[in-house]
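# Notes for the structure review
Residue-level listing of the chains:
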Amino acid sequence: MSLRHAILTALLERPSSGLDLTRRFDRSIRFFWSATHQQVYRELAKLETEGLVRTVPQPPSRGSRKEYEVLGNGRDDLLAWVGQSEGPKPIRDPLLVRLRAAAALAQGRESILAQMRLHRAEHQRQLDEYLEIAERDFKGDLDEAGQLRGLILKAGIGLEEFWISWLEDAIADISVMSDASTDRY
């Protein structure tokens, strides 16, 4: 996946200015794809140069705000990307590498436990946010687009539940390790 596809998707949902797009990334798209404001603006310029988006004429105003919409070529590019197959991406999580490093060093159990507790709290906060969104925005009859967006939210909820469960088990397992193993861990 690339930022290009996330932006094309967002613009197909609703033509937007760069500022509006970055706000939408901050509010919703960030849950599954992150980008800085500079990256969004840079990618918008590339998409416009490539003829995939265009600026929509705006009424005269004091600012030079540009609103973008997807052109046919952009829609075709996105459709081609949707049809491509990709395998799952491997997990790249620094906490897991730290856990492995603590095992290799045979020490660091307390700092790993502290980090795991912080991660557990953050995953719980994220799960609570997802559940609030589900309750607020995904109740009742949804059109097809709403149902598909609901599946994304369901994936996020499932991932957070997995991490919370794994972290709780790992914290419990590490906490009961004997003091003798502290020297080896």
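Residues numbered from 1 in each chain as written. Predicted model: local features only at pLDDT ≥ 70, side-chain atom pairs only at ≥ 80, totals over all residues. Heavy atoms only, no water.

### Looking at the overall build of the protein
In terms of regular secondary structure, the protein is built from eight helices and three strands. Across the protein, helices and strands are ordered from the amino to the carboxyl terminus as α-β-α-α-β-β-α-α-α-α-α. Compactness check: the protein gives a C-alpha radius of gyration of 22 Å against a globular reference of 16 Å for 185 residues, more than 25% above the reference. The dimensions of the protein, computed from C-alpha atoms along their principal axes, are 75 × 40 × 40 Å. Out of the 185 residues in the protein, the part that is buried amounts to 30%. The long-range share in the protein, meaning contacts at least 24 apart out of those at least 6 apart in sequence, stands at 63%. As presented, the protein carries roughly 12,400 Å² of accessible surface, and 55% of it is formed by carbon and sulfur atoms. Counting 26 positive and 29 negative side-chain charges, the protein places the averaged centre of each group 5 Å from the other. (Helix = DSSP H or I, 4+ residues; strand = E, 2+ residues; numbered from the N terminus. Rg over C-alpha atoms; globule rule 2.2 N^0.38 Å. Buried < 20%, exposed > 50% of the residue type's maximum accessible area, 1.4 Å probe, protein only. Contact = heavy atoms within 4.5 Å. Areas by Shrake-Rupley, 256 points an atom, 1.4 Å probe, with all protein chains shown as cover. Lys, Arg positive; Asp, Glu negative; His and termini not counted. Charge placed at Lys NZ, Arg CZ, Asp CG, Glu CD.)

### Some words on the side chain of arginine 24
Relative to the elements of secondary structure, arginine 24 occurs in helix α2 (residues 18-27). Residue arginine 24 is classed as buried on the basis of its relative accessible area of 6%. Among the polar contacts listed, one links the side chain of arginine 24 to the side chain of glutamate 13, at a separation of 3.1 Å. The contact partners of arginine 24, leaving out residues within four places of it in the chain, are Ala10, Glu13, Arg14, Ser16 and Ile29. (Polar contact = N/O pair within 3.5 Å; in protein donor to acceptor, adjacent residues only side chain to side chain.)

### Observations concerning the environment of aspartate 77
Within the element layout of this structure, aspartate 77 appears in helix α4 (residues 72-83). The exposure class of aspartate 77 is partly exposed, given its relative accessible area of 25%. Each C-alpha atom of the pair aspartate 77 and arginine 65 lies 26 Å from the other, and the pair is 12 residues apart in sequence.

### Regarding α2
Turning to α2, its buried residues are Gly18, Leu21, Thr22, Arg24 and Phe25. Down the axis, α2 shows its buried residues gathered within 160 degrees of arc, on one side only. Structurally, α2 contributes buried residues whose contacts are with α1 (3-13), β1 (16-17), α3 (37-49) and β3 (67-70). (Arc of directions from axis to C-beta.)

### Regarding the nonpolar core
Counting residues in each nonpolar core, the largest one holds 18 residues, and the members touching the most others are Ile7, Leu11 and Phe25. Mapped onto this core, the elements with two or more residues apiece are α1, α2, α3 and β3. When residues of this core are assigned to their parent elements, the largest contribution, six residues, is made by α1. With residues up to four places along the chain from it excluded, the contact list for isoleucine 7 reads Leu21, Phe25, Val40, Glu43, Leu44 and Leu47. (Core = buried A, V, L, I, M, F, W, Y, C linked by side-chain atoms within 4.5 Å.)

### Examining the side chain of glutamine 126
For glutamine 126, the location among the structural elements is in helix α6 (residues 109-137). Not counting residues up to four positions away in its chain, the partners in contact with glutamine 126 are Arg30, Phe31 and Glu160.

### Brief notes about the pattern of salt bridges
Taken as a whole and assessed by the stated rule, the structure comprises 15 salt bridges. Linking arginine 4 and glutamate 43 is a salt bridge whose minimum nitrogen-to-oxygen distance equals 4.0 Å. Pair noted here: arginine 4 is in helix α1 and glutamate 43 is in helix α3, with a separation of 39 residues, a long-range link. An identical accessibility class is assigned to arginine 4 and glutamate 43; each is buried. If you follow the salt bridges from partner to partner, you end up with Arg4, Glu43, Lys46, Glu50 and Asp77 in one network. (Salt bridge = Lys/Arg side-chain N within 4 Å of Asp/Glu carboxyl O.)

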